[in-house]
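Examination of the molecular architecture
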Amino acid sequence: MTKPKILTPAGASFTVAGGGYGLEMEALEKLGAEIVECPATEDDFIKAVDGADAVYAKGMRISGRMIEAMKTVKVITCATVGVDYVDVVAATKQGIPVTNCPDTFIEEVADHAMMLLLATHRRAIEQDRMVREGRWAEGRPQLLNVPRLMGQTLGFVAFGRVARLVALRARAFGLRMVAYDPFVDELTMSMLGVVPASLDEVLTQSDFVSMHAPATPDSMKMLTTKHFAKMKKTAIFINTGRGPTVDEAALIQALSSKQIAGAGLDVFEVEPAKTDNPLLSMPHVILSPHNASASARFDEARKRRAGQELALVLSGRWPMSCVNPTVLPDSGLRRWQPYAMERGPNS
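Residues numbered from 1 in each chain as written. Predicted model: local features only at pLDDT ≥ 70, side-chain atom pairs only at ≥ 80, totals over all residues. Heavy atoms only, no water.

Overview of the overall build of the chain
Across its full length, the chain carries 13 helices and 12 strands. For a compact globule of 347 residues, the expected C-alpha radius of gyration is about 20 Å, and the chain comes in at 22 Å, within 12% of that figure. Expressed along its principal axes, the backbone C-alpha trace of the chain runs to roughly 75 × 45 × 35 Å. The proportion of buried residues among the 347 residues of the chain is 53%. (Helix = DSSP H or I, 4+ residues; strand = E, 2+ residues; numbered from the N terminus. Rg over C-alpha atoms; globule rule 2.2 N^0.38 Å. Buried < 20%, exposed > 50% of the residue type's maximum accessible area, 1.4 Å probe, protein only.)

Dropping the structure here:
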């Protein structure tokens, strides 16, 4: 039996722990599979993909042209939650499942979103700066203008896995919660103490607006000038989802004109953020470098999950998580899961 060949771009990875595929191979070793690297360019990838059984994307942009060259590929695996660097439409057209890690490190992202909410609300960075700069007496007067957190409204734009975990955390702080998500049933929201609402209701009622929409063709620049204009002037905007879902120029204008009061951002329209981005010099904006998912278990968990997904497909079974599950019935893969999954092939 020929060894399954998994093609991956050399060096294209979100990892901070160095190279090697030992964690992925824990699930793949029994299949005799091999992971083969190719230069991380479109042309080199197309030359190398002939005869490959799977593609381990690792953060490199996988274009429609690259997918057209995948004549023998059974799966494209991403060791991330987002798959916006893969042309999923092209993969679906070609009948190739695209897998991700939708539940591996979402606790960390929810923690980070809550951290940004609390830090912006209590002006943590500004207060720290006051102490360091000898402006001790300015701290209390600033916070005397900040309302108590309990009883304020947190609004979610999209209510997927991360948003639901944020809701669990926010409930302990006594926040009222509303959410807009046309793809989530109302019962899922109400069971978490969240009131289903329209997008306009979320924007106009919320003291904090937390953005969780994934990057899809339909969600690009989902929030623009007209949306920020509907928010309270005291509102704080949080985004731990994807930068391109927000018109960043509109957000900058809303902040600079004091249409909204502040922001906590882990993601940007262009990453890394450019040094001349006005967001970097705004006092009531807290920023982090798209690392909300990071923790000591980040690399190990996602690499093991990627290996598991690759092994499932290469052994003829449905993956655990698939962002384009319509391809699975005609894929020749066997459905094996004994219970329904909230998201993915059995949803």
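After that view of the structure, there is still more to cover.
Thoughts on the sheet that holds strand β1 (residues 5–9)
Strand order in this open sheet of five strands is β2-β1-β3-β4-β5, and the pairing throughout is parallel. A single partner strand is all that each edge strand has here, and the edge strands are β2 (34–38) and β5 (98–99). Relative to strand β3 (residues 54–56), β1 is paired through two bridges, and the arrangement is parallel. Bridging across to β3, Ile6 finds its partner in Ala54. Across the sheet, helix α13 (residues 298–314) touches β1, β3, β4 (76–77) and β5, and the angle it forms with β3 is around 170°. (Pairing = 2+ DSSP bridges. Contact = heavy atoms within 4.5 Å. Axes fitted to C-alpha atoms, helices over the stretch in contact; angles between N-to-C directions.)

Considering helix α8 (residues 161–171)
An α-helical turn contains 3.6 residues, so a residue and the one three or four places further along point in the same direction. For α8, the buried fraction is high: eight of the 11 residues fall into the buried class. Inspection of α8 places Arg161, Val162, Ala163, Arg164, Leu165, Val166, Ala167 and Ala170 among the buried residues, and these make up the whole buried set. Lining the buried residues of α8 we find α5 (106–121), β6 (153–157), β7 (176–180), α9 (186–190) and β8 (194–196).

Regarding the sheet that holds strand β12 (residues 285–287)
Sheet strands pair via backbone hydrogen bonds, and the direction of the pair is either parallel or antiparallel. One open sheet accounts for seven strands, arranged β8-β7-β6-β9-β10-β11-β12; its pairing is parallel. Since the sheet does not close on itself, it has two edges, and those belong to β8 and β12, each with one partner. When the angles between neighbouring strand axes are averaged without regard to direction, this sheet yields 20°. In this structure, β7 lies alongside β8, joined through three bridges in parallel fashion. Paired with Met177 across the two strands is Val194, which belongs to β8. Most of the contacts of α8 go to β6, to which it runs at about 175°, and overall it touches β6, β7 and β8.

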